[in-house]
Amino acid sequence: MSRHKLVAPLAVAALTAATLAAVPTTAQAAPVADSALVISEVYGGGGNSGAPLNQDFVELHNKGDVPIDLTGYSVQYKSAAGAVWTGRIDLSGTLAPGDYYLAAGATGANGGPLPTPDVVNTGVNLSGTTGNVALSSSTTTLTCVTTACAADPAVVDLVGFGGGDTFLGTAPAPAPSNSTSVARDVDSSNTLQNVDDFTAGAPTPGEEPAVVEPPEEVELTIPEIQGTGLVSDHVGDIATTTGVVTAAYPAGGLFGFYLQTPGTGGATDVASRTASDGIFVRVAASAGAVTVQPGDHVQVKGAVAEYAGATQVEVTAAADIVPLDDDADPVTPVTLEAWPSAPAEREVLEGMLFQPTGDFTVTNTYFGGSNPGDSRYGEVGLAQGDKPLMTPTEVADAQDAAAVAAVEADNAARQVVLDDGSSWSFFGGSYDGNGTPAYVSQSQPAVVGASVTFDEPVVFTEGGSPSAPTWRFQPTSWVQGPDNTTSPVTFENTRTPAPEAAQIDPDGTADVRVASFNVLNYFTTLGDADDDNVGDGGCTAYNDRNGDGNNVNTGCAQRGAWDPEDLERQQNKIVAAINALDADVVGLMEIENSAALGEEADEATETLVAALNADAGDEVWAANPSSEELPDASEQDVITNAIIYKVASVERVGEAHALGDQSSGSGAFANAREPIAQTFRSTDGGDSFLVVVNHFKSKGSGADDGTGQGAANPDRIAQAEALRDWVPSVQASEDVEAVLLTGDFNAYTMEDPLQVLYDAGYADAATEFGSGDEWTYSFQAMSGSLDHVLLNEAAQAATTGADIWGINSGESLLFEYSRWNYHATDFHEDTPYRSSDHDPVLVGLDLVADDSEPEPVKAQKAVIKAKFKPAKLKVGKNGKIVVTVKGKQGAKATGKVKIKVKGKVTGKKTITVKLNKNGKAKIKLPKAKKVGKLQVAVKYLGSDAVKAGKKKFKVKVVRKK
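One numbering rule holds for all chains: residues counted from 1, following each sequence as written. The predicted origin of the model limits local features to residues at a pLDDT of at least 70 and limits the giving and counting of side-chain atom pairs to 80 or more, whereas totals for whole chains, interfaces and linings rest on all residues. Just so you know, side-chain values use all the structure's heavy atoms and leave hydrogens and water out.

Student: Would you mind showing me how to read the overall build of the protein here?
Tutor: Scanning the protein from N- to C-terminus turns up 14 helices and 55 strands. Any pair of residues with heavy atoms lying within 4.5 Å of one another is described as a contacting pair. For the protein, the proportion of contacts with a sequence separation of at least 24, taken over those separated by at least 6, is 71%. In this description, accessible areas are obtained by the Shrake-Rupley approach with a 1.4 Å probe, and a residue is regarded as covered only by the protein chains that are shown. Counting only carbon and sulfur atoms, one obtains 50% of the accessible surface of the protein, whose full area is about 39400 Å². Under the counting rule used here, the positive set is Lys and Arg, the negative set is Asp and Glu, and His together with the chain ends is not counted. For this purpose, a charge sits on NZ of Lys, CZ of Arg, CG of Asp or CD of Glu. For the protein, the distance from the average position of its 68 positive side-chain charges to the average position of its 126 negative side-chain charges is 29 Å. Helix and strand definitions follow DSSP, with helices as H or I runs of at least four residues and strands as E runs of at least two, each counted in order from the N terminus.

Structure (structure tokens):
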């Protein structure tokens, strides 16, 4: 029979006056057994894998004889052991006697729709297996937790389920799953004992609860329990089975063991199998401690269930685990000739002892994300094969849907997780800060791209998140950091003390090395400069386990280090990396824009240079000055691009340039950092080269064009087009041919913005001159390059090689300065490893002629002259300046001159023009706004025959007649 829904407001008007008087209810003094209003059903698996419904829900039942006004009530949710109630659904309307009220929460991709809910808040996401739900007579968020909630006057009813710690009675309700809810019986019986009042079964929103039949008790083999499908046919049955213990977890949260059919395993052909011979036995707290050990032969009895994709038997009493005296044939690890890439091939091995063979590669070491191999759970992401999982648009053209789909399919087939044999999380409200995740080590680091050797067998199973389970290798016992003594694997140590010289300069002909390096929000303006752990100017911090700030979170303009000690840790790692990089010119991204913070321009860059020189023991480095072509500081971002260089290796040619006229309104760089450019030449002579440093708009915000290239892809395309069109003007002004576009383009190698530049003749250095198996960034367990050095034809001709130095993106986040004191183990070292989250790219250039070639003619000093026409400018009228340039010994000047007007004028203040064949240029001046004087700086940009030079002139401005 269908449940009655909420009585509509107009229907209430038909009730008698006497009934209406009873509608409002007063808050009761905590849950009571005879309460008319109860939580009748809870379902948190909505939309998850295998879910029959696509939305979480909590259903209420009015068991009484009078309507109940729900205005001011709320349904609230907190995680299993959470310290705070994180979700709330506020209620309204009137619930008639005998009727049910459906409060709907978060939605997902799987399952059908709910009946029409009475209230919806999709921001409330219930766990599918373990958590706590409260019905409150207030819309104020509850503050009670655990047993205190049973006595809270605001709490009308309370349900802890699975491992929930806030329940009524002696134990929580049983654990539901993606396919089951927990619900009261048809009468909504309430004994104030969650464990007795609720049973797990098919969710029934909008329907009367079915009469629960007692589960069938059956004797089954492990393969019969597993069955031939993805889900057991015996879910809910009480099964008795026997097997040999292959792995046991008495601590760490799994609280159970794996059981396998005696005599099974060894060399296996998955095509000949129909069901698995392994299964997990979950031991409830009521059954006591896990005492079995690998090799034991036992009989178990418990309910068959599915959790996170895996079939299990749930034992609730110690007597249901019976040691068997008879000898059993031993289990041997499964070995395969080929990796089981299809789900059906894996399903027939679920829960079995497994010896991985062939190549496996680390693909994810990130901490605090949400992807398979997240080390906050003591996991490492692996990829079957000799390379990590790839970002599809790194290797496939973003516009080629079939090619992108092929990479996605390959990733899905190769992905597997190395677990730690526990369910412990090293992050969040339940973490006490005194543990250390498995597999994190400075001496034996697990780095993305490193090969993995399996020294011991593991259990092959599905698990992890119930909403998105993944296949994984479970060690046969809990692996605990920092010692990792029971680890079943050895990781290849891929760290190198410096970039690969043989890759950058195989023939020893490189004269100059140019690098791109993202310095991870290097800010010398701190969130807490006086180190009192109180943010300056509204700054808030990300805190360590003792509540001390590590790096800036929000509330202010600055980013990066929180206090002086944090800056020192960050700076030491960056200095170690840049000095070991051994580049002559380094383009920097994510460095503080001191001018935008109201400080002296380049203050942060100069501070970094001073630290580099102190470490080097000499005045090795210099900071390239900011360009005068940048827009006003108010139009610039708080992070900027910068260039540093070695004074003994290269010299600046001309002044710095910036694409600074597209930084506001609809300009291409209104939401990104302005490209900066500087021409250099080796101190040994040779051809000059132009370095342009870029940092395009990130993928994290902006319009999504649906092409799979992240947000703001159209913005990055526009930035690439603007860069393409601007660079030739800088080349012409500096008379330079070789161009290197360096930086963080926030675009993977095959994405649209880079295609714009490829079409303009640029080539990616790492692709064309690198090893082909290194990438600068790791995201969502996939590798790709956001950082590039792009070479025009002249630069390509001079390139000797390129290398991506893998010191950052593949390393554990826990080695970063920003994760200082997160765990009981101090991982910090003043080394290059995890000095940033992007890897540097390095290119070698051969630009200096061999000794046998004649030295170029030495350029002469420039002589610059200028005349104004008219000699006195008039307010509001244009005038002209005629510039003449020649060498001091008479050499003819060619190339360009640039003038910059200082004073109150209307029009463009900076103008660049080309000299004619006689070394002259006529330039129209902007209109003066008032009487007085204008200063005009004339800069000659230089040529082979005449050096660059500059001179200032003044002209008088008079009134109009």
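Student: How should I be thinking about the state of the cysteines in this particular structure?
Tutor: Put simply, a disulfide is two cysteine sulfurs that come within 2.5 Å. According to the stated counting rule, one finds two disulfides in the structure shown. Across the disulfide from Cys144 sits Cys149; the S-S distance is 2.1 Å. Here the S-S torsion is close to 100°, and the disulfide linking Cys144 with Cys149 is therefore right-handed. Across the disulfide from Cys539 sits Cys556; the S-S distance is 1.9 Å. Here the disulfide of Cys539 and Cys556 is right-handed, its torsion about the S-S bond being about 105°.

Student: Which parts of the structure should I look at to understand the sheet that holds strand β4 (residues 74-79)?
Tutor: Backbone hydrogen bonds hold the strands of a sheet together, and the pairing may be parallel or antiparallel. With antiparallel pairing, four strands are arranged side by side in an open sheet as β5-β4-β9-β10. Strands at the two margins of the open sheet, each flanked by one partner only, are β5 (87-90) and β10 (155-161). Taken over all neighbouring pairs, the strand axes of this sheet differ in orientation by 15° on average, direction set aside. One requirement defines pairing of two strands: DSSP has to find at least two bridges between them. In this structure, strand β9 (residues 131-136) lies alongside β10, joined through six bridges in antiparallel fashion. What sits directly across from Ala134, in β10, is Leu158. Orientation is described by axes fitted as lines to C-alpha atoms, over the contacting stretch for helices, and by angles from 0 to 180 degrees between their N-to-C directions.

Student: Just checking my understanding: could you explain the packing of helix α11 (residues 713-734) against helix α12 (residues 752-759) for this structure?
Tutor: Relative orientation and spacing of two packed helices are given, respectively, by the angle between their axes and the distance between those axes. Packing of α11 against α12 brings their axes to within 8 Å, and their N-to-C directions diverge by 20°. Viewed along their axes, α11 and α12 adopt a mutual orientation that is roughly parallel. Classified by chirality, the crossing of α12 by α11 is right-handed. Residue-level inspection shows Asn713, Arg716, Ile717, Ala720, Glu721, Leu723 and Arg724 of α11 in contact with α12, the latter providing Asp752, Pro753, Val756 and Leu757. Residue polarity follows a fixed list, in which Ala, Val, Leu, Ile, Met, Phe, Trp, Tyr, Cys and Pro are nonpolar, Asp, Glu, Lys and Arg are charged, and the others, Gly among them, are polar. When the residues that make up the contact of α11 with α12 are grouped by side-chain class, the tally is six nonpolar, one polar and four charged. Oblique is the label for any angle not covered by the other classes, which are roughly parallel (under 35 degrees), roughly antiparallel (over 145) and roughly perpendicular (65 to 115). For any helix crossing, the convention is left-handed if the near helix is rotated counterclockwise from the far helix by under a right angle, and right-handed if that rotation is clockwise.

Student: Is there a simple way to think about the confidence of the model for the protein in this case?
Tutor: Caution is warranted with low-pLDDT regions, since their predicted coordinates should not be read in detail. Every residue gets a pLDDT, meaning the predictor's confidence in that residue, from 0 to 100. Counting all residues, the mean pLDDT for the protein is 91, and 95% of those residues have values of 70 or more. Below pLDDT 50 for its whole length, residues 1-28 participates in 53 contacts with residues either more than four positions away or in separate chains.

Student: Can you help me understand the sheet that holds strand β44 (residues 799-804) in this one?
Tutor: In space, the six strands of this open sheet follow the order β34-β35-β33-β30-β45-β44, with mixed pairing throughout. Taken across any chain shown, the strands that pair with only one partner, and hence form the sheet edges, are β34 (621-623) and β44. If you compare each strand with its neighbour and ignore which way they point, the axes differ by 20° on average. Of the pairings in the sheet, the one linking β34 to strand β35 (residues 639-646) comprises three bridges and is antiparallel in character. Note that in β35 the partner of Ala622 across the bridge is Tyr645. Here helix α10 (residues 603-616) sits on the sheet and contacts β30 (512-522), β33 (585-592), β34 and β35; the angle it forms with β34, its principal contact strand, is near 180°.

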